[in-house]
Protein chains: 2
Amino acid sequence: MAKANEFVKEIADIREDFPQWYTDVVLKTQLVDYGPVKGTMVIRPYGYALWENIQRELDARFKATGHENAYFPMLIPYSFLTKEAEHVEGFAPEVALVTHVGNNELPEKLVVRPTSETIICEMYAKWVQSYRDLPVLMNQWANVVRWEKTTRPFLRTSEFLWQEGHTLHATQQEAEEETLRMLNVYEEFSRNVLAIPMFTGKKSEKEKFAGAAATYSIEAMMLDGKSLQSGTSHYLGQNFSSAFNIRYLDKDGTHKNPFQTSWGVSTRLIGAVIMAHGDERGLKLPPYVAPVQAVIIPIAAHKAGVLEKARELQETLKKAGIRVKTDESDNSPGWKFNEYEMKGVPVRIEIGPRDIENGVITVARRDRAGEKVTLPLLDPVQGIQTLLQDIHNNMYADALAFRDSHVKTVHTMEELGNAVNSQNFALSMWCGDRACEDKIKDAFQASSRNMPFDQSPVGDKCVCCGKKAKHKIYWGKAY
Amino acid sequence: MAKANEFVKEIADIREDFPQWYTDVVLKTQLVDYGPVKGTMVIRPYGYALWENIQRELDARFKATGHENAYFPMLIPYSFLTKEAEHVEGFAPEVALVTHVGNNELPEKLVVRPTSETIICEMYAKWVQSYRDLPVLMNQWANVVRWEKTTRPFLRTSEFLWQEGHTLHATQQEAEEETLRMLNVYEEFSRNVLAIPMFTGKKSEKEKFAGAAATYSIEAMMLDGKSLQSGTSHYLGQNFSSAFNIRYLDKDGTHKNPFQTSWGVSTRLIGAVIMAHGDERGLKLPPYVAPVQAVIIPIAAHKAGVLEKARELQETLKKAGIRVKTDESDNSPGWKFNEYEMKGVPVRIEIGPRDIENGVITVARRDRAGEKVTLPLLDPVQGIQTLLQDIHNNMYADALAFRDSHVKTVHTMEELGNAVNSQNFALSMWCGDRACEDKIKDAFQASSRNMPFDQSPVGDKCVCCGKKAKHKIYWGKAY
């Protein structure tokens, strides 16, 4: 059982052609399809269920930290974009513009939001009057459009789904605390829900968000050793609040611009899940976001009692809150084994006449091929729950071990090149100059990822120019 | 207590100026604000929380009836719109068009979706091959854009949020059953969650969706006697499936076009809630969608133990799944009473030193001014839950009684005019001709609402032309 069949063969070899493996997997598991307009994607039900689980887990965390959801218009007057100088420079080339309605030209062209700082600031300026109105802690779940030249499903698409938090605070300290609080929420969520270890740290000036005072990121290592920036949290200072004239009357009787943050993660996280955990058989989904956590496969389904027991089992598990599905189709068990392995379902439950006779179910786990256990047919819930937690822990440990073995501390350009060219991150000291970043990019197509909070030095000279180092920083090829 | 204060006075009199009352209420309760682009709205946290509750309740019903969520691109090639002749005629004048990205003109202009039939059909044509692929039961939660001349928050806005179900079936019968199944889901949801009675029925040819074979609607009566079309369910026949060449190989070896449905409700439902239930004091929110179901107001909060007991009570209620908030601000209790009445919070809990001494809490209900009960401080959960259910039932009964007393059966044009001009729906027989609909529209600015499933006649002649009647139908002024 669980032998390679035609389905598995249709997926490119993960070791030989990782990009093709990715494309094969996302299409064949029906996570996603290409939309008719270049660069767009259709998120199919299996992919969207993954997104719904991500949303639910994140939304609970945002609310637990005091945020409320709101919804701002998608169409933004072009003039708003131009109010913050760096912001317009960063986004103007890739914004989609609405110029007409029906046959009529609009008086001012409208931007389809690439992000919502500008329109949200416009509203905040109206709503915030007094220190009593602070802090403002809002989040929005929305679609955004950024026209990208090279696109890949989930990783980079013209339209994507995301959440964007936008907060205002009375003091710089509060705003900086919020920036890091939400970065930590992302890291904790990634670890405990997606089973992905993240490097958290500060981005370089070159890589920060257009209009931010400082950008922090979570960076994940994919199985090809490349980095995926998986979320960002920005400290915006007073850049936008002064550009949009958000002012509040403070206790001391003077008017001040509040300090601001914004932070977001997107459907890109689905790409992270795929490329941090997959294997030669296809997807390997972390249990706490898997649309189906356990699939029940009846063996010898035509025999008396098998389907009945399978359905009873499904009801028992469903009532316990486990996302379970029974495949009663007339495909062979072997076909089903392969199908649900490709789809990354964490737990497979086999139930046949012999199992029923013995009062057990046979349980296989996606993360450890060939390993099977039996659980009592009449009391399976706790066993399945423990197994899901164990699979999660195991997947996290695997991802962490993989990452740890693919980070090389480097002291020379040659070492840096060797590291990033053989599927590793490089960790080095850096002088802080953009010229060195550009040089590394030109030489190895690698970019700075982020500067970890633990800055204990691994040397004292910049890996590139040899001058006195200011920072410790990760480098890597990136999506 | 609960006397009129400056807040209540700022709301226009509901009996004298209903439109202004609506505007005052939606703005002052911070449900919504106007967006910077004409006709757009910003849904503020209090309004968005209402929408989240609506979404959660509906989404559970869609999933229970076998539907899965997916997400399709927002930008649609203009050519798609033109494939179904009636569809393009209906939507072309009001679609927003993306023509440029940055400084570059696009090769084909793109439509910001006004609805997604066309792009979804394009994908279905790719996905559906065999009878085994049917039925297809998908839903999408999304934003849509329709440029409207006259706009009002929630009721008619350039951009709004909605859900759109899109299904494919092998037979006409199955598709017609699905159309009515989802209409009934909307009606049941409106009754059991929004506490709004709906007239369900079929729209006239004039009023049906552009491209549908038949449209069914739920129609609610607002407190000014006008009708709000609150949701629609369309039987699309094979109109789109043939235009988009969706074909499946049937068991008999021939290729066929499937039969199709689509159905949707939107943020307009928030408008229905406001205008079906409000009163001179402001909002009156049905408990099962109210963002705050119970507000706790500490009385003499400075006295020892009051805030502690209020917080304990909040924890107790929260754990029981009740959406509860304690207002610890330094505003006076009287101010708070008015504030939360205006915001429509169903239950107000007062807790002060005397209550604590007596081991009780004092509970007032929004739907019956002046009526108060006491509940045991130590064991309040069941009492509050029962009260919420009772408030729901009472609000539904009130709305139903109001509606029943504002429907007039009419047999002449004069009676029809009198009915709709004095805040009623008119129920009459009708020949089925568009000419009579147009005549009634011209004479009284009233439109046909829908034809109820119970067609037991109230006469045999058309109310307008006097010819033999074919249908029984509701008429009304409408939003």
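Computed from a predicted model, the values in this text were never measured in an experiment. The residue count restarts for each chain, going from 1 along the sequence in the order it is written. Chains carry letters and ligands carry numbers; both start at the beginning, A for chains and 1 for ligands, and go up in the order they are written. A pLDDT threshold of at least 70 governs which residues receive local features in this predicted model, and a stricter bar of 80 or more applies before side-chain atom pairs are shown or counted, although totals over entire chains, interfaces and linings include all residues. Side-chain figures throughout are based on the complete set of non-hydrogen atoms in the structure, without hydrogens or water.

What to know about the overall build of chain A
And then number 1: Looking only at helices and strands, chain A has 15 helices and 24 strands in total.
And then number 2: For chain A, whose C-alpha radius of gyration is 25 Å, the value lies close to the compact-globule estimate of 23 Å for 479 residues.
And then number 3: Its C-alpha atoms put chain A at 80 × 55 × 50 Å along the principal axes.
And then number 4: Among the 479 residues that make up chain A, the fraction classed as buried is 61%.
And then number 5: Contacts in chain A between residues far apart in sequence, at least 24 positions, make up 69% of those at least 6 positions apart.
And then number 6: Using a 1.4 Å probe, the Shrake-Rupley method yields the accessible areas, and only the shown protein chains count as cover for residues. Approximately 18,800 Å² of chain A is accessible, and the part contributed by carbon and sulfur atoms is 48%.
And then number 7: Treating the 58 positive side-chain charges of chain A as one cloud and the 62 negative ones as another, the clouds have centres 1 Å apart. Every helix listed is a DSSP run of H or I at least four residues long, and every strand listed is a run of E at least two residues long, numbered separately from the N terminus. The size measure is the radius of gyration over C-alpha atoms, and the globule rule it meets is 2.2 Å times the number of residues to the 0.38 power. The buried label applies to any residue whose accessible area, calculated with a 1.4 Å probe on protein chains only, is under 20% of its type's maximum; exposed applies above 50%, and partly exposed to all values in between. Should any heavy atoms of two residues lie within 4.5 Å, those residues are considered in contact. Neither His nor the chain termini are counted; the positive set is Lys and Arg, and the negative set is Asp and Glu. To locate a charge, take atom NZ for lysine, CZ for arginine, CG for aspartate or CD for glutamate.

Overview of helix H7 (residues 172-194) of chain A
And then number 1: Expected span, for any helix, means 1.5 Å times one less than how many residues it has. Taking 1.5 Å per residue, 23 residues should reach 33 Å; H7(A) reaches 32 Å between its end C-alpha atoms and fits that length.
And then number 2: Directly beyond the C-terminal end of H7(A), a positive phi value near 60° is found at A:Ala195.

Considering the nonpolar core
And then number 1: The biggest cluster of nonpolar side chains holds 151 residues, and the ones touching the most others in it are A:Phe154, A:Ile274, B:Phe154 and B:Ile274.
And then number 2: We call a set of buried Ala, Val, Leu, Ile, Met, Phe, Trp, Tyr and Cys residues a nonpolar core when their side-chain atoms join them within 4.5 Å. Grouped together as the second largest cluster of nonpolar side chains are 32 residues, B:Val88, B:Val95, B:Cys121 and B:Phe240 included.

Let's talk about the pairing of strand E10 (residues 214-221) of chain A
All names here are of chain A.
And then number 1: Among the 8 residues of E10, 8 are classified as buried, and the element is accordingly described as predominantly covered.
And then number 2: Neither face of E10 is exposed, since Ala 214, Tyr 216, Ile 218 and Ala 220 on one face and Thr 215, Ser 217, Glu 219 and Met 221 on the opposite face are all buried.
And then number 3: Should DSSP find at least two bridges between two strands, the strands are regarded as paired. The pairing of strand E9 (residues 199-202) with E10 spans 4 bridges and is classified as antiparallel. From the neighbouring strand, Gly 201 faces E10, where its bridge partner is Ser 217.

Topic: unusual backbone geometry
Residues and elements named next belong to chain A.
And then number 1: In this structure, Pro 135 follows Leu 134 across a cis peptide bond, with omega equal to -10°.
And then number 2: The topology assignment puts Pro 135 in the loop between helix H6 (117-127) and strand E7 (136-145).
And then number 3: For Ala 300, which is not glycine, the phi torsion reads 50° and is therefore positive.
And then number 4: Inspection of the secondary structure puts Ala 300 in the loop between strand E15 (294-298) and helix H10 (306-319).
And then number 5: By relative accessible area, which is 23% here, Ala 300 ends up partly exposed.

Some thoughts on the pattern of salt bridges
Residue and element names in this part refer to chain A.
And then number 1: Salt bridge, as used here: a side-chain nitrogen of Lys or Arg that lies within 4 Å of a carboxyl oxygen of Asp or Glu. For the structure shown, the criterion picks out 60 salt bridges over all chains.
And then number 2: For Lys 206, the salt bridge identified is with Asp 438, shortest N-O distance 2.9 Å. In this pair, Lys 206 sits in the loop between E9 and E10 while Asp 438 sits in helix H15 (residues 434-444), placing the two residues 232 residues apart along the sequence.
And then number 3: Overall, Lys 206 belongs to the partly exposed group, its relative accessible area being 25%.
And then number 4: Judged by relative accessible area, Asp 438 falls into the partly exposed class, the value being 28%.

Side note on the sheet that holds strand E8 (residues 159-169) of chain B
Residues and elements named next belong to chain B.
And then number 1: The 8 strands are arranged E3-E7-E8-E14-E11-E10-E9-E23 in an open sheet whose pairing can be described as mixed. In this open sheet, the two edge strands, each paired with only one partner strand, are strand E3 (68-69) and strand E23 (451-452).
And then number 2: The pairing of strand E7 (residues 136-145) with E8 spans 10 bridges and is antiparallel. In the sheet register, Leu 137 faces E8, and the bridge partner there is Thr 167.
And then number 3: To define axes, lines are fitted to C-alpha atoms, for helices over the stretch in contact only, and angles between the resulting N-to-C directions are given on a 0 to 180 degree scale. Across the face of the sheet, helix H3 (residues 45-64) comes into contact with E3, E7, E8 and strand E14 (259-266) while running at roughly 165° to E7.
And then number 4: Of the strands in this sheet, strand E10 (214-221), strand E11 (227-237) and E14 touch helix H9 (residues 268-277), which is tilted by about 145° from E11.

Some words on the relation of the copies chain A and chain B
And then number 1: Overlaying chain A on chain B yields an RMSD of 0.0 Å, the required transformation being a rotation through 180° with an accompanying axial translation of 0.0 Å. Here the two chains are linked by the operation of a two-fold rotation axis. Considering only C-alpha atoms, the part of chain A nearest the rotation axis is A:Val98, at 2.1 Å.
And then number 2: A share of 100% of the interface residues of chain A reappears at the interface of chain B, consistent with the copies meeting face to face through the same patch. When the copies are superposed, the least-squares fit draws on C-alpha atoms of residues that have pLDDT of at least 70 in both.

Thoughts on the interface of chain A and chain B
And then number 1: Across the contact, 52 residues belong to chain A and 52 residues belong to chain B.
And then number 2: Here's the idea: put two parts together, see how much 1.4 Å probe accessible area each one loses, and the total over both is what we call buried area. Of all residues in chain A, A:Pro36, A:Pro45 and A:Tyr71 bury the most surface against chain B, accounting for 15% of the area lost on that side.
And then number 3: Seen at the junction of chain A and chain B, the total is 4 salt bridges.
And then number 4: For the salt bridge of B:Lys126 with A:Asp33, the shortest nitrogen-to-oxygen distance reads 2.9 Å.
And then number 5: Here a polar contact means two N or O atoms within 3.5 Å. Within protein one must be a hydrogen donor candidate and the other an acceptor candidate, and residues neighboring in sequence count only if both atoms are side-chain atoms. Run the count over chain A and chain B and you get 24 residue pairs in polar contact (both at pLDDT 80 or more).
And then number 6: Counting residues per element, the side of chain A that touches chain B draws most heavily on strand E5 (residues 96-101) of chain A, at 6 residues.
And then number 7: Residue composition of the side of chain A that touches chain B, by class: 33 nonpolar, 7 polar and 12 charged.
And then number 8: Both E5(A) and strand E5 (residues 96-101) of chain B contribute to a ladder of 5 bridges, which runs antiparallel. When the sheet's bridge partners are listed, A:Val101 is paired in E5(B) with B:Ala96. Amino acids are sorted into nonpolar (Ala, Val, Leu, Ile, Met, Phe, Trp, Tyr, Cys and Pro), charged (Asp, Glu, Lys and Arg) and polar (every other residue, Gly among them).

Quick look at the side chain of B:Ser262
Residue and element names in this part refer to chain B.
And then number 1: Looking at the secondary structure, you find Ser 262 in strand E14.
And then number 2: Note on Ser 262: relative accessible area 2%, which makes it buried.
And then number 3: Within the structure, the side chain of Ser 262 is placed 2.7 Å from the side chain of Glu 117, a separation counted as a polar contact.
And then number 4: In contact with Ser 262, not counting residues within four places along its chain, are Glu 117, Gly 165, His 166, Thr 232, Ser 233, His 234 and Leu 236.

Considerations on the environment of B:Ala92
And then number 1: Mapped onto the secondary structure, B:Ala92 falls in the loop between helix H5 (85-91) and E5.
And then number 2: When sequence neighbours within four positions are dropped, the list of residues in contact with B:Ala92 reads A:Gly102, B:Tyr78 and B:Leu81.

Focus on the packing of helix H3 (residues 45-64) of chain A against H7(A)
Residue and element names in this part refer to chain A.
And then number 1: Relative orientation of the contacting elements H3 and H7 amounts to 140°, with a least axis distance of 11 Å. By the angle class used here, H3 and H7 are oblique. The two elements H3 and H7 meet at a crossing, and its hand is right-handed. Across the interface between the two elements, Ile 54, Glu 57, Leu 58, Arg 61 and Phe 62 from H3 touch Met 182, Val 185, Tyr 186, Glu 188, Phe 189, Val 193 and Leu 194 from H7.
And then number 2: Of the residues that constitute the contact of H3 with H7, the class distribution is 9 nonpolar, no polar and 3 charged. The labels follow the angle: roughly parallel below 35 degrees, roughly antiparallel above 145, roughly perpendicular from 65 to 115, and oblique for the rest. Helix crossings are classified by the rotation of the near helix relative to the far one: an anticlockwise turn of less than a right angle makes the crossing left-handed, while a clockwise turn makes it right-handed.

Digging into the sheet that holds E5(A)
And then number 1: Read from one edge of the open sheet, 6 strands run E4(A)-E6(A)-E5(A)-E5(B)-E6(B)-E4(B), paired in antiparallel fashion. The open sheet terminates on both sides in strands that have one partner only, identified here as strand E4 (75-77) of chain A together with strand E4 (75-77) of chain B. Strand-to-strand, the axes of this sheet are offset by a mean angle of 45°, without reference to chain direction.
And then number 2: Pairing analysis gives 3 bridges linking E4(A) to strand E6 (residues 104-112) of chain A, with the strands arranged antiparallel. In the strand pairing of E6(A), A:Ile76 is matched with A:Val111.

A closer look at the confidence of the model for chain A
And then number 1: In the predicted model, chain A carries a mean pLDDT of 96, and the fraction of residues at 70 or more is 98%.
And then number 2: Segment residues 1-7 of chain A: pLDDT under 50, and 16 contacts once partners within four positions in sequence are set aside and those in other chains are kept. The pLDDT score gives, residue by residue, the confidence of the prediction method on a 0 to 100 scale.

Some details on H15(A)
All names here are of chain A.
And then number 1: Looking only at H15, the buried set comprises Cys 436, Glu 437, Ile 440 and Phe 444. Axial view of H15: buried residues confined to an arc of 105°, hence all on one face. Along H15, exposed side chains directed more than 90 degrees from the buried face belong to Ala 435, Lys 439 and Asp 442.
And then number 2: Buried residues belonging to H15 abut helix H14 (413-421), strand E21 (425-430), strand E22 (447-448) and strand E24 (471-476). Regarding the arc, it is the one traced by the directions from the helix axis to the C-beta atoms.

Overview of the packing of aromatic side chains
Residue and element names in this part refer to chain A.
And then number 1: Here the aromatic set is Phe, Tyr and Trp, taking the six-membered ring for Trp, and pairing holds for ring centres within 6.5 Å; pairs whose planes are under 30 degrees apart are stacked, those over 60 apart are edge-to-face, and all others are tilted. Scanning all chains against the criterion turns up 32 aromatic pairs over all chains.
And then number 2: With a centroid separation of 6.2 Å and an interplanar angle of 50°, the aromatic rings of Tyr 124 and Trp 127 are classed as tilted. Residue Tyr 124 and its partner Trp 127 are located together in helix H6, separated by 3 residues, close to a single helical turn.
And then number 3: For Tyr 124, a relative accessible area of 0% puts it in the buried group.
And then number 4: Where Tyr 186 meets Trp 263, the ring centres are 6.5 Å apart and the plane angle is 65°; that geometry is what we call edge-to-face. Pair noted here: Tyr 186 is in helix H7 and Trp 263 is in strand E14 (residues 259-266), with a separation of 77 residues, a long-range link. Like Tyr 186, the residue Trp 263 is buried in the burial classification.

Comments concerning the side chain of B:Lys208
Residues and elements named next belong to chain B.
And then number 1: Position of Lys 208 relative to the elements: it lies in the loop between strand E9 (199-202) and E10.
And then number 2: When its relative accessible area of 18% is taken as the criterion, Lys 208 is described as buried.
And then number 3: A distance of 2.9 Å separates the side chain of Lys 208 from the side chain of Glu 205, its partner in a polar contact.
And then number 4: When sequence neighbours within four positions are dropped, the list of residues in contact with Lys 208 reads Glu 86, Lys 203, Ala 213 and Thr 215.

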